[in-house]
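Coordinate inspection notes
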Amino acid sequence: MSDELLSLAQSVVAQARPGEGMEVYVTRGTETEVRAYEGEVESLTSADSSGVGIRLLLGDADAGGSQVGFAWAGSLEPDVIAATLADARDNARFATPDPDVVLAVPDGVEAVEMDLWDDGVGETPMEKKVALAIELERATRAADPKVRQVSSADYSDSRVEVALASTTGITSSRRRTNAFLSVDAIAGEGADSQTGTGFSVGRGPGELVPDEAMDDAVLRAVRMLGAQKVPSAHCTVVFDPRVVSTLLGVMASALSGEAVVKGRSFFAGRIGETVGTGGITLVDDPTDARAYGAASHDGEGLACRRNVLISEGVLRMFVYDTVSARRAGAVSTGSATRGGFAGTPGAGCRALLLSPGSKSQDQIVAAVGDGLYVQSISGIHSGVNTVSGDFSVGAEGLLIQGGTLAQPVREVTVASTLQRMLQSVVEIGGDLRWLPGVAAGQTLAIADMALSGD
Amino acid sequence: MPGRARGLGWIGRHDDYDTAVTDTALIDPDVLERVLSTALVGGGDMAEVFAEDAATASALLDDRRVEELSSGRSRGAGIRVVDGETTGFAHTADLSEAGLLAAARAAAAVAREGGDGVRTVGLDPMTSHGRGGRTSPDSVDKARKLELLTRADEAARATGDAITQVQVGCGDSRRRILIANSEGLLAQDEQIRTRFTVSCVANGDTGMQTGFESLARTEGYEIFERHRVEDIAELAATRALTKLSARPAPSGEVPIVLAGGSGGILFHEACGHGLEADHIVKDASVYTGQVGELVASPLVTLVDDGTVLGEWGNFAVDDEGCLPARNVLIENGILTDYMWDWLRARKEGRKSSGNGRRQSYAHLPMVRMTNTYLLAGTEDPAEIVAQTPSGVYVKKLGGGQVNTATGDFVFGTTEAYLIEGGRITEPLRDANLIGNGPEVLRRIDAVATDFDMTPGTCGKDGQSVPVGCGQATLRITGVTLGGTA
């Protein structure tokens, strides 16, 4: 299948005129989404989609600079592709000639081939996928008498194939599948309502563990019943693995070489400096097949590779795509990411892993003694700034008293700066969870955060 | 016939626009009728075809260079079959009859009742009137768009030497939609939107700070006849520069004065989402069962209004073919109604309120806000500050998030100051505010006259749609501010 897509990409590249550079990204996929409610299918979506994104370069980066134009379309029909190419060509004329705008060139790094495709996504009958969602909803409602509502129980899966070709000799194709179960539970007691979300993720439906999704949703909702605001204080905060995955995902944007070279990261100019405690080793490794973001090739068709960004607290490197690398006087780290066919490549992380410690969450809570355990955060986009480093998010969780989890807490914020948080990590858990998004997560304890409440 | 759109009323309200919807339908009415019949062949209560042809263009200036001009085209149809409580949905980029029929059969797979044979669907095309803008994006020379970017870049950099980075974006979209359903509805709209954004970084002794400002309207490039891009750039740059001397925001509960037009996102999060009927019918909102109850301060009259011409959340028909309306949600503190789409309205035996929206043809419609705003009050904004002995003055808000089931919500500041002795004093670093919707709404004790709207992008269930938010200067007697000081 992917050979056919690659041939299509190459056939478009062949239309480049003398002196033009061209990169063609083509993709197609299928998706299924089932939502269950009150024992019935609330909605069932099935669709095929496809698209093309074309970058066209005029001029020579080494002689006066080159100009790039981009166009995309949600179709692979020949007339649509032709129109898209014409748009990209026209757009290029208006860009500022830039000595750093070049296409990726094969760099000899072998791609790590991984099996990220599960035939189960395509072969599992729809009735079985529907049954997974309905059973998840039923089981969640039945799991605890305090669960008063299940506002959504979803099964979804996707199959995506991508091929990329360029006038600089790039040819790559990759494919992957994903399957996902998620459930939102609402627990109630008197007038009090609290919510919990749980999920399970895999390459195919056979890897999904409905009980994992259900248990997580029910536990999180029920234990929050009776939550109260608490007085403001400075304390140690223990973050749940899911929150840590989110936090690392935010950190990733400050580790993007593109942000750094444009002076939009608090890490800029700090290579070789100690930016965190000695326990912090942060690696972006899309060649680890366990990672949700695992990929053989990056968004420019170069092989993905293992990049050690922070080693024992010392900032070692940033991730680069081809253009940001050239701007910074570096080479691409195989870290081009793009938002599907409608996006152009940028530098980003796909599979961050903070080297795990050995303690369980219980052991960390015991070691911390007194503080706040945070099971979920809100306002990550409005409250975290990777340029200034300012960090302030809404939080809910449980107080830690005498080394154990105590009463539930809501309507508080936790705040600090990202710089200070990295220097204040006191515990890194061994309870690694592979989670959707660009990072895995484990329990993490950070000292001296501002808790704002009453 | 719920949600029935009639377009004639629009003529008079659009007479200042001269662009009419093109006469060419996205899909031939005969084909639509056959597709709808096929969608219902296995049974079902309602079938709908939503076709869309969207062209977008954007230009980005970053680090003093025009980095990228981008054009995109998305064209396709989503077909929905509703059978009892179940919805089947399929979408396709293939608008040929064969492609549409295939999608119709896929969507129909959920209908389990067994159809009563072929059902004939007759469509009643309404006369449609585009609102469009006077200056359609594709008629604007790309060089002119670049000139806007360059002017903004220069203005931002001229605001202060400490401005080290400027990113300017200009984007436009022209979205033609067609909605036909088995109840006979056939509606069309053309929506033209234009957006201009400036992000600045300032660098000083205390590190870097950021400033952002945007202009976004459901209009064409004529917006730049009334708005100077230099003003947008200077606002963004000043915001970043001011924060270079900012001190950490306080931690704990403080009185808050929100400036007029600071984002209005307070109401979007504190109650807007909680008043969307999809949350209500599932008893997943703190506002369930509260109609007729006092849910806010008597100073609060909140409206969701898709008809406000040119605002970012404005349209002529919603994505289910229903006319938008000015819906009063809270009147003098009393909850009067929720917002409805076709599906949730049907469940309650009422009409859609014109709030059925979707990101694209590849998404199911759901209940969404349009332009949500608090009606202006009577007080002088300066007086409200003067009568606040100590607190925080929020000049500009960023984004927010809400849990509708608990009512807890956050919203972030991007420009805020201390209020000391009734005067606005030192600038503060960014922080989130956290509160509980119904509690915060009851704590509003002053609303001024200086009403203004701001555009935003609202995300829900993975779908983004443009919305407007509006409010005048107001005071909340206590909200938790998540600073560090």
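For clarity, every value in this text was computed on a predicted model and none was experimentally measured.

How each quantity is defined
- Every chain's residues receive numbers from 1 upward, in the order its sequence appears when written.
- Note on labels: chains are lettered from A, ligands numbered from 1, in written order.
- With the structure being a predicted model, the display of local features is reserved for residues of pLDDT at least 70 and the display and counting of side-chain atom pairs for 80 or more, all residues being used for whole-chain, interface and lining totals.
- The numbering of helices and of strands both runs from the N terminus, where a helix is a DSSP run of H or I of at least 4 residues and a strand a run of E of at least 2.
- Two things to know: the radius of gyration comes from C-alpha atoms, and the globule rule equals 2.2 Å times the number of residues to the power 0.38.
- For every residue, the other C-beta atoms within 10 Å of its own C-beta are counted; 20 or more classify it as buried, 12 or fewer as exposed, and values in between as partly exposed. C-beta atoms are placed from the backbone.
- Here, residues touch in the contact sense if the C-beta positions derived from the backbone fall within 7 Å of one another.
- In short, DSSP must find at least two bridges between two strands for them to pair.
- An automatic or database domain assignment supplies the start and end points of every domain.
- Note on residue categories: nonpolar means Ala, Val, Leu, Ile, Met, Phe, Trp, Tyr, Cys or Pro, charged means Asp, Glu, Lys or Arg, and polar means any other residue, Gly included.
- For this entry, the nonpolar core is defined as buried Ala, Val, Leu, Ile, Met, Phe, Trp, Tyr and Cys residues connected by C-beta atoms within 7 Å.
- Lines fitted to C-alpha atoms define the axes, with helix axes restricted to the stretch in contact, and inter-axis angles between N-to-C directions lie between 0 and 180 degrees.
- In this scheme, a crossing is called left-handed if the near helix is turned counterclockwise away from the far one by less than a right angle; it is called right-handed if the turn is clockwise.
- By this rule, a helix spans an expected 1.5 Å times one less than how many residues it contains.
- One confidence number per residue, pLDDT, is output by the predictor and ranges from 0 to 100.

Section: the overall build of chain A
Check the secondary structure of chain A and you find 11 helices and 18 strands. Relative to the 2.2 N^0.38 estimate, which gives 22 Å for 454 residues, the radius of gyration of chain A is 24 Å and therefore close to what a compact globule would have. By principal-axis analysis of the C-alpha atoms, chain A measures approximately 70 × 55 × 35 Å. The proportion of buried residues among the 454 residues of chain A is 57%. In chain A, 71% of the contacts between residues at least 6 apart in sequence involve partners at least 24 apart.

What to know about the overall build of chain B
A count of helices and strands for chain B gives 11 helices and 22 strands. What you see for chain B is a C-alpha radius of gyration of 24 Å, in line with the 23 Å of a compact globule of 485 residues. Projected onto the principal axes, the alpha-carbon positions of chain B cover approximately 75 × 55 × 40 Å. When burial is assessed residue by residue, chain B has 60% of its 485 residues classed as buried. For chain B, restricting intrachain contacts to residue pairs at least 6 apart in sequence, the fraction spanning at least 24 positions comes to 77%.

Describing the sheet that holds strand β10 (residues 314-315) of chain A
Residue and element names in this part refer to chain A. Read across the open sheet, the 4 strands follow the order β10-β9-β8-β13; overall the sheet is antiparallel. Because the sheet does not close on itself, it has two edges, and the strands there are β10 and β13 (352-354). Relative to β10, strand β9 (residues 307-311) is paired through 2 bridges, and the arrangement is antiparallel. Residue pairing across strands places serine 311 opposite valine 314, the latter belonging to β10.

Points about the domain arrangement of chain A
By a widely used convention, the size of an interface equals the accessible area lost when the partners come together. Residues and elements named next belong to chain A. Taken domain by domain, chain A holds domain 1 (2-222) and domain 2 (227-454). Computed over C-alpha atoms, the centres of domain 1 and domain 2 are 23 Å apart. Listed per partner, the contact involves 30 residues of domain 1 and 25 residues of domain 2. Elements supplying a minimum of two residues to the side of domain 1 that touches domain 2: β1 (20-37), β2 (40-60), β3 (65-73), β4 (147-166), β5 (171-189) and β6 (192-202). In terms of residues, the side of domain 1 that touches domain 2 owes the most to one element, β2, which gives 4 residues. Per-class residue counts for the side of domain 1 that touches domain 2 are 16 nonpolar, 7 polar and 7 charged.

So, the pairing of β3(A)
Residue and element names in this part refer to chain A. Where burial is concerned, most of β3 is hidden: 8 out of the 9 residues are buried. When β2 meets β3, the two strands line up antiparallel, connected through 8 bridges. Within β3, the residue paired with leucine 57 across the bridge is valine 68. If you look at the hairpin formed by β2 and β3, you'll find 4 residues sitting between the two strands, and glycine 64 has a positive phi there, around 90°.

Quick look at the interface of chain B and chain A
With 65 residues of chain B at the contact, the number on the chain A side is 60 residues. Residue contributions to the side of chain B that touches chain A peak at 12 residues, all from strand β2 (residues 65-83) of chain B. Tallied by class, residues from the side of chain B that touches chain A come to 20 nonpolar, 30 polar and 15 charged. Pairing between β3(A) and β2(B): 5 bridges, direction parallel. Pairing of A:Gly69 across the sheet is with B:Leu69, part of β2(B).

Remarks on the nonpolar core
Residues A:Ala9 and A:Val24 are the most contacted members of the largest nonpolar core, which totals 285 residues. Among residues more than four places away in sequence, those in contact with A:Val24 are A:Ala9, A:Val12, A:Val13, A:Val52, A:Ile54, A:Leu164 and A:Ala165.

Focus: the packing of helix α4 (residues 142-159) of chain B against helix α6 (residues 229-243) of chain B
Residue and element names in this part refer to chain B. The geometry of α4 relative to α6 is characterised by a closest axis approach of 8 Å and an angle of 35° between their N-to-C directions. Every pair of crossing elements has a handedness; the one defined by α4 and α6 is right-handed. On α6, the residues that touch Leu148, Arg151, Ala152, Ala155, Ala156 and Thr159 of α4 are Val229, Glu230, Ile232, Ala233, Glu234, Ala236, Ala237, Thr238 and Leu241. Considered class by class, the residues forming the contact of α4 with α6 number 10 nonpolar, 2 polar and 3 charged.

Comments concerning the environment of A:Pro436
All names here are of chain A. Looking at the secondary structure, you find proline 436 in the loop between β17 (425-428) and β18 (444-452). For proline 436, a count of 14 C-beta atoms within 10 Å gives the class partly exposed. Separated by 180 residues in sequence, proline 436 and serine 256 have C-alpha atoms that sit 20 Å apart.

Looking at unusual backbone geometry
Residue and element names in this part refer to chain A. Phi is positive for glutamate 38, which is not a glycine, with a value near 50°. With respect to the helices and strands, glutamate 38 occurs in the loop between β1 and β2. You can call glutamate 38 partly exposed: it has 13 C-beta atoms within 10 Å. Phi is positive for aspartate 448, which is not a glycine, with a value near 55°.

Notes on the environment of B:Gly72
For B:Gly72, the position within the fold is in strand β2. Among the residues examined, B:Gly72 registers 22 C-beta atoms within 10 Å and is labelled buried. Residues contacting B:Gly72, with those up to four places away along its chain left out, are A:Ala71, A:Trp72, A:Ala73, A:Ala342 and B:Thr56.

What to know about the sheet that holds strand β9 (residues 302-305) of chain B
Residues and elements named next belong to chain B. The sheet built from 6 strands is open, its strands ordered β11-β10-β9-β14-β21-β20 with mixed pairing. At either end of the open sheet lies a strand with only one pairing partner, and these are β11 (334-335) and β20 (452-460). Judged from the 9 bridges that link them, β20 and strand β21 (residues 463-471) form a sheet pairing that is antiparallel. Considered in β21, the bridge of glycine 456 is made with valine 467.

A word on helix α6 (residues 241-254) of chain A
Because each turn of an α-helix spans 3.6 residues, side chains separated by three or four positions end up pointing in the same direction. Residues and elements named next belong to chain A. With 14 residues, α6 extends 20 Å from end C-alpha to end C-alpha; this agrees with the ideal 20 Å at 1.5 Å per step. Summarising burial for α6: 11 of the 14 residues are buried, a large majority. Turning to α6, its buried residues number three or more, namely Pro241, Arg242, Val243, Val244, Ser245, Thr246, Leu247, Leu248, Met251, Ala252 and Ala254.

Describing the domain arrangement of chain B
Residues and elements named next belong to chain B. For chain B, the domain assignment lists domain 1 (10-243) and domain 2 (251-482). One C-alpha centre belongs to domain 1, the other to domain 2; they are set 23 Å apart. With 32 residues of domain 1 at the contact, the number on the domain 2 side is 22 residues. Residue composition of the side of domain 1 that touches domain 2, grouped by class: 13 nonpolar, 10 polar and 9 charged.

Overview of the pairing of β2(A)
Most of β2(A) sits inside the fold, with 15 of its 21 residues counted as buried. As paired strands, β1(A) and β2(A) are joined by 18 bridges and run antiparallel to one another. What sits directly across from A:Tyr25, in β2(A), is A:Gly53. Between β1(A) and β2(A), which pair antiparallel in sequence order, lie 2 residues; one of them, A:Glu38, sits at a positive phi of approximately 50°. Note that β2(A) and strand β3 (residues 86-92) of chain B share 5 bridges and pair parallel. Counterpart to A:Ala47 in the pairing with β3(B) is B:His91.

Brief notes about the packing of helix α4 (residues 126-143) of chain A against helix α5 (residues 210-222) of chain A
Residues and elements named next belong to chain A. Two numbers describe how α4 lies on α5: the axes approach to 10 Å, and their chain directions differ by 40°. Like other packed secondary-structure pairs, α4 and α5 cross with a definite hand, here right-handed. Two secondary-structure elements touch here, α4 through Leu132, Glu135, Leu136, Ala139, Thr140 and Ala143 and α5 through Pro210, Ala213, Met214, Ala217 and Val218. Of the residues belonging to the contact of α4 with α5, the class tally is 9 nonpolar, 1 polar and 1 charged.

Comments concerning the confidence of the model for chain B
All names here are of chain B. For chain B, per-residue confidence averages 90 on the pLDDT scale, and residues scoring 70 or more make up 92% of the total. Predicted confidence is poor over residues 1-22, with pLDDT under 50, and the contacts of this stretch with residues over four places away or in other chains come to 49 contacts. For this predicted complex, the interface confidence score (ipTM) comes to 0.93, while the overall pTM stands at 0.93.

Here's the deal with the environment of A:Asp100
For A:Asp100, the position within the fold is in the loop between α2 (78-92) and α3 (120-123). C-alpha separation for the pair A:Asp100 and A:Gly329, spaced 229 residues apart in sequence, amounts to 9.7 Å.

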